[in-house]
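So you can see what is in the structure, the chains are spelled out below.
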Amino acid sequence: MTENTQLKSKQYGRPDNERVIPFMKIALPAAVISILLTVASIFFIATKGLNLGLDFTGGISAELNYSHPVKPADVTEALVKAGFKDSVVQTLGSNRDLMVRMPVQKDEKNAEAADLTKTITAAVQLPNNKAEVHKVDVVGGQVGNELYVRSGGAVALALLLMLVYVTIRFEFKLALGAVLSLFHDVIVTVGVFAMMQWPFDLTVLAAILALLGFSLNDNIVVSDRIRENFRKIRGAEPLEIVNIALTETLRRTIHTSATLLLVVLAMMFLGGEGLHWFSVAMFIGVFVGTYSSIYIGTAFALWRGLNRQDFIVQVKPEFEEEDEIPPR
């Protein structure tokens, strides 16, 4: 081993047999893809809109309890025969407890709660399986619209607080890149729901907020390693330092994403109708979030001129030495 190799190994802190993956080599094509995805998502959101669920548009919800296990499809069929349209039936922990949600029916707009309960109770009865209706709630369209507006405000506030947090914890260039990646994750995930016209309700909104936490955690791990490498590695370009940081965190990123995907797939196929769209949003967001933390968060910081000076604390001298003998 030559002296130059020993010096380089000491500076970079990595064994010679560990390869550095050049992630930033395709940063420009990745940026073009991200821009296209974002524009397409905004286009579908603006033109097709979201297929808002009853949580946002208003409607009727009822909790049912059957004497014997029942399939949600059988309850849906019974409601259709009784004249209730666009109903959604979900299990509540067991095959005997279910929740029914549906838009406000034309014939039920001015109905009293007691009459509505009687109508739904009569509609959901099945042969040899008695049903009891425990709770009936009617959510007006105005309440749903207010909830929709507040949901958007919650996402915007979350992005703003994350910008402040990452700025204080690391550096503004990394913070701005992290927030851009989070915004990208939200827009693309919501854009897919708009394009496919999948139902968008509170469970999907919960998935969006969960994705913000997942993606931010990934950005924080990468940012922490970037800061550490900028402080300890000498003689390397910022691009190379970022590639080293991404390579060192790759294994952790793969393990975290794979573990989360296993849970999401389990919810998607075994969690029932109530968790289906939540898990679909999470499934999309895991891939988008993992990609954006590399090719949006860090790439944007590099484009903004991220360098070692951003992480070095400048120590100001407490006093300046003065000449003991003033010049004549």
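Here we summarise the structure given alongside this text.

Quick notes on the rules
- Along every chain, residues carry numbers that run from 1 in the direction the sequence is written.
- Per-residue local features are limited, in this predicted model, to residues with pLDDT of at least 70; the limit for side-chain atom pairs, both in listing and counting, is 80 or more; totals at the level of whole chains, interfaces and linings are taken over all residues.
- The side-chain figures draw on all heavy atoms in the structure; neither hydrogens nor water molecules are used.
- Burial classes follow relative accessibility: with a 1.4 Å probe on protein chains only, a residue under 20% of its type's maximum area counts as buried, one over 50% as exposed, and anything between as partly exposed.
- To qualify as a helix, a DSSP run of H or I must reach at least 4 residues; to qualify as a strand, a run of E must reach at least 2; elements of each kind are numbered from the N terminus.
- We treat two strands as partners when DSSP finds at least two bridges between them.
- For every element, the axis is a line fit to its C-alpha atoms; helices are fit only across the contacting stretch, and the angle between N-to-C directions ranges from 0 to 180 degrees.

What follows concerns the pairing of strand β2 (residues 59-66). By the criterion of burial, β2 is predominantly enclosed, with seven of the eight residues buried. Inspection of the sheet shows β2 paired to strand β5 (residues 131-139) by eight bridges, in the antiparallel sense. Counted as the bridge partner of alanine 62 is valine 136 from β5. Inspection of the sheet shows β2 paired to strand β4 (residues 97-102) by six bridges, in the antiparallel sense. Its bridge partner lying in β4, glutamate 63 is registered against methionine 99.

Attention now goes to the sheet that holds β2. Pairing is antiparallel in the open sheet, where four strands are placed in the order β3-β4-β2-β5. If you trace the sheet from one side to the other, it starts and ends with β3 (88-91) and β5, each paired once. When strand polarity is set aside, the average angle formed by the axes of neighbouring strands in this sheet is 20°.

Attention now moves to the pairing of β4. Note: β3 against β4, four bridges, orientation antiparallel. Its bridge partner lying in β4, valine 89 is registered against valine 100. Adjacent in sequence and paired antiparallel, β3 and β4 are bridged by five residues, among which glycine 93 carries a positive phi angle near 90°.

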